[in-house]
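# Examination of the molecular architecture
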Amino acid sequence: MRGKAQPERPPRRMRGFERTSSLLGERIRNVGEKRGFAVTRLLTHWAEIVGEDTARAARPVKVHYGRQGFGATLTILTTGANAPMLEMQKEQIRQKVNACYGYSAISRIRLTQTAPTGFAEGQAQFAPAPAQPRAIDPETRARAAQFSGDVADDGLRSALEALARNVLSRQQR
């Protein structure tokens, strides 16, 4: 046994569950740095930085530092219909992003409708607006309450009412 070299064991992980952020943090940072994102918070918290409406219409693709060193250019991917609206909001987006960095890191914002590397990567898929709940008429609400009127447990009664409302509202369509 002395002559055989023992294979190296992988580094020991913590016991139990680990946070996903700790497992993926290094990989996300490496990919982000390849695209010029020194601060990955811009990628991971894009909706919080620029706002929900802007985040639904666009996402950051690349930060390019020019030769002069007077600030970087942030490339934002968007769809054709949203480009004119984002063009008017460039200065506000720049200010919000610079607030994330803590200094004036971004001097220009460039909008693109495809990724800078080609069409295959630039297929824009953004989060749709959240669905608005439909209003339920009082008659349906009263009929749903009749189905669960005998139940003593509050949680069960409210769950049964919600189920009855959903079934009755589907029948009305």
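What you see is a predicted model, and the numbers here were worked out from it, not measured in a lab. (Residues numbered from 1 in each chain as written. Predicted model: local features only at pLDDT ≥ 70, side-chain atom pairs only at ≥ 80, totals over all residues. Heavy atoms only, no water.)

Each helix and strand counted, the protein has eight helices and three strands in total. Ordered by position in the sequence, the α and β elements of the protein form the string α-α-α-α-β-β-α-α-β-α-α. With 173 residues in all, the protein has 25% of them scored as buried. When contacts within the protein are restricted to residue pairs at least 6 apart in sequence, those whose partners lie at least 24 apart make up 58%. Roughly 13,100 Å² of accessible area belongs to the protein as shown, and the carbon and sulfur atoms make up 53% of that amount. (Helix = DSSP H or I, 4+ residues; strand = E, 2+ residues; numbered from the N terminus. Buried < 20%, exposed > 50% of the residue type's maximum accessible area, 1.4 Å probe, protein only. Contact = heavy atoms within 4.5 Å. Areas by Shrake-Rupley, 256 points an atom, 1.4 Å probe, with all protein chains shown as cover.)

Moving on to the confidence of the model for the protein. Confidence along the protein averages 77 in pLDDT terms, with 69% of residues attaining 70 or more. Confidence, read as mean pLDDT per element, is least for helix H1 (residues 20–34) in the protein (65) and greatest for helix H5 (residues 83–88) (92). (pLDDT = per-residue confidence, 0-100.)

This part takes up the environment of Leu111. With respect to the helices and strands, Leu111 occurs in strand S3 (residues 106–112). For the pair Leu111 and Pro84, spaced 27 residues apart in the sequence, the C-alpha separation amounts to 9.6 Å. In this structure, Leu111 is in contact with Ile76, Ala83, Leu86, Glu87 and Lys90, ignoring residues within four places of it in sequence.

Across the sheet, which stays open at both edges, the three strands sit in the order S1-S2-S3 with mixed pairing between neighbours. Each edge of the sheet is formed by a strand with only one pairing partner; in this case those strands are strand S1 (58–65) and S3. Across the sheet, the axes of successive neighbouring strands diverge by a mean angle of 25 degrees, strand direction being ignored. Packing against the sheet, helix H6 (residues 90–101) makes contact with S1, strand S2 (72–78) and S3, and its axis sits at approximately 125 degrees to S3. (Pairing = 2+ DSSP bridges. Axes fitted to C-alpha atoms, helices over the stretch in contact; angles between N-to-C directions.)

Trp46, Leu74, Ile76, Ile93, Val97 and Ile106 are the most contacted members of the largest nonpolar core, which totals 20 residues. The set of elements that each furnish at least two residues to this core consists of helix H3 (46–50), helix H4 (52–57), S1, S2, H6 and S3. Counting residues per element, this core draws most heavily on H6, at four residues. Beyond its immediate sequence surroundings of up to four residues, Trp46 is in contact with Arg41, Gly51, Ala55, Ala58, Arg59, Pro60, Ile76, Ile93 and Val97. (Core = buried A, V, L, I, M, F, W, Y, C linked by side-chain atoms within 4.5 Å.)

The next thing to look at is the pattern of salt bridges. Following the criterion strictly, the structure yields five salt bridges and no others. Measuring nitrogen to oxygen at the nearest pair gives 3.0 Å for the salt bridge that ties Lys90 to Glu87. Asp154 is the partner of Arg157 in a salt bridge, and the nearest nitrogen-oxygen pair spans 2.4 Å. Placement of the pair is Arg157 and Asp154 together in helix H8 (residues 154–172), with a separation of three residues, close to one helical turn. Residue classification places Arg157 among the partly exposed residues on the basis of a relative accessible area of 24%. (Salt bridge = Lys/Arg side-chain N within 4 Å of Asp/Glu carboxyl O.)

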